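Notes for the structure review
Chain by chain, the residues:
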Amino acid sequence: MRLILASNNAKKLEELRRILDHMGIEVISQREAGLCLDVEETGTTFAENAFLKAEAACKASGCAAVADDSGLVVDALGGAPGIYSARYGTPDLDDRGRYELLLKNLEKEERRTAKFVSSIVCVFPNRDKIEAYGECAGEILRAPRGTGGFGYDPVFLVPSYGKSMAELSPAEKDAVSHRGAAMRQFQEKLKAYLRGDIC
């Protein structure tokens, strides 16, 4: 079976392949599928935005497509950046620029609790749909640590390891991350779907 990931994010593609490879499922990016999509994320939740992206890739390709929408929810900022995590601040900011802006906005905050959230939606040509969800609770550090991962990983402390998300090995990250949790749930639901247990 082949799944199109409705993204060109190499790190997301690597994580999805790592988790689904043993099921014999080939995962390709939308670019590899010959798609050039720029879906407007008009949803008000992570799940709604994931569905919009997966549905667009499925319709354009005629193949099953999966999308992840994830982000950082910071308590002291009223849940921001939330669904705008990848677009936090001005359009010219890169990952580092966004997490530096976050640290600046939290400079005087003692309450640093936060969570990463991931919603995964898979849409099939027959309009069947699978949804999965995961989250990872932690805290925002006062300075970045580590060189792995992407996005806000360097400033997100995973308490159970005492490390930032960017300091974790791929195996450690898969075990505790929001996307890892959502992927495992998605994997089980996909297995059930392929057995015909759910639709």
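The following refers to the structure shown. (Residues numbered from 1 in each chain as written. Predicted model: local features only at pLDDT ≥ 70, side-chain atom pairs only at ≥ 80, totals over all residues. Heavy atoms only, no water.)

For the rest of this paragraph, the subject is the sheet that holds strand E3 (residues 65-74). Judged by pairing direction, the sheet is mixed, and its 7 strands sit side by side in the order E2-E1-E3-E4-E5-E6-E7 without closing on themselves. On the outer flanks of this sheet lie strand E2 (26-29) and strand E7 (163-164), each paired with one strand and no other. Here 4 bridges tie strand E1 (residues 2-5) to E2, and the two strands are oriented parallel to one another. Following the sheet pairing, isoleucine 4 is matched in E2 by isoleucine 28. Each of E1, E2 and E3 is contacted by helix H1 (residues 10-20), which is oriented at about 170 degrees to E2, the strand it contacts most. (Pairing = 2+ DSSP bridges. Helix = DSSP H or I, 4+ residues; strand = E, 2+ residues; numbered from the N terminus. Contact = heavy atoms within 4.5 Å. Axes fitted to C-alpha atoms, helices over the stretch in contact; angles between N-to-C directions.)

Formed by 20 residues in total, the largest nonpolar core has its most connected members in Leu3, Leu20, Val66 and Phe186. Residue assignment for this core shows that the elements contributing at least two residues are E1, H1, strand E4 (113-123), strand E5 (129-140) and helix H5 (178-195). Sort the elements by how many residues they give to this core and H5 lands first, with 5 residues. If we ignore the near neighbours within four places in the chain, the residues touching leucine 20 are Leu3, Ile25, Val27, Phe186 and Gln187. Among the nonpolar cores identified, the runner-up in size contains 18 residues, and Leu102, Ala114, Val155 and Val158 belong to it. (Core = buried A, V, L, I, M, F, W, Y, C linked by side-chain atoms within 4.5 Å. Buried < 20%, exposed > 50% of the residue type's maximum accessible area, 1.4 Å probe, protein only.)

Each neighbour pair has its own omega, and for alanine 80 with proline 81 the value is -5 degrees, a cis peptide bond. Checked against the element boundaries, proline 81 lands in the loop between E3 and helix H3 (95-105). Even without being glycine, arginine 127 reaches a positive phi, approximately 80 degrees. Residue placement: arginine 127 occurs in the loop between E4 and E5. Its relative accessible area of 63% is what places arginine 127 among the exposed residues.

A separate point is the packing of H1 against H5. Across the interface, H1 lies against H5 with an axial gap of 10 Å and an inter-helix angle of 45 degrees. With respect to H5, the axis of H1 lies oblique. Crossing hand, H1 versus H5: right-handed. Together, Lys12, Glu15, Leu16, Ile19 and Leu20 of H1 and Arg179, Met183, Phe186 and Gln187 of H5 make up the contact between the two elements. Split by residue class, the contact of H1 with H5 holds 5 nonpolar, 1 polar and 3 charged. (Parallel < 35°, antiparallel > 145°, perpendicular 65-115°, else oblique. Left-handed = near helix turned anticlockwise from the far one by under 90°. Nonpolar A, V, L, I, M, F, W, Y, C, P; charged D, E, K, R; others polar.)

Time to look at the pattern of salt bridges. Following the criterion strictly, the structure yields 19 salt bridges and no others. Linking lysine 12 and aspartate 68 is a salt bridge whose minimum nitrogen-to-oxygen distance equals 2.9 Å. Taken as a pair, lysine 12 in helix H1 and aspartate 68 in strand E3 lie far apart in primary sequence, 56 residues in all. Accessibility classification places lysine 12 together with aspartate 68 in one group, the buried group. For glutamate 41, the salt bridge identified is with lysine 53, shortest N-O distance 3.6 Å. With glutamate 41 in the loop between E2 and helix H2 (46-61) and lysine 53 in helix H2, this residue pair connects regions lying 12 residues apart in the sequence. Given the relative accessible area of 25%, glutamate 41 is considered partly exposed. Residue classification places lysine 53 among the buried positions, given a relative accessible area of 11%. (Salt bridge = Lys/Arg side-chain N within 4 Å of Asp/Glu carboxyl O.)

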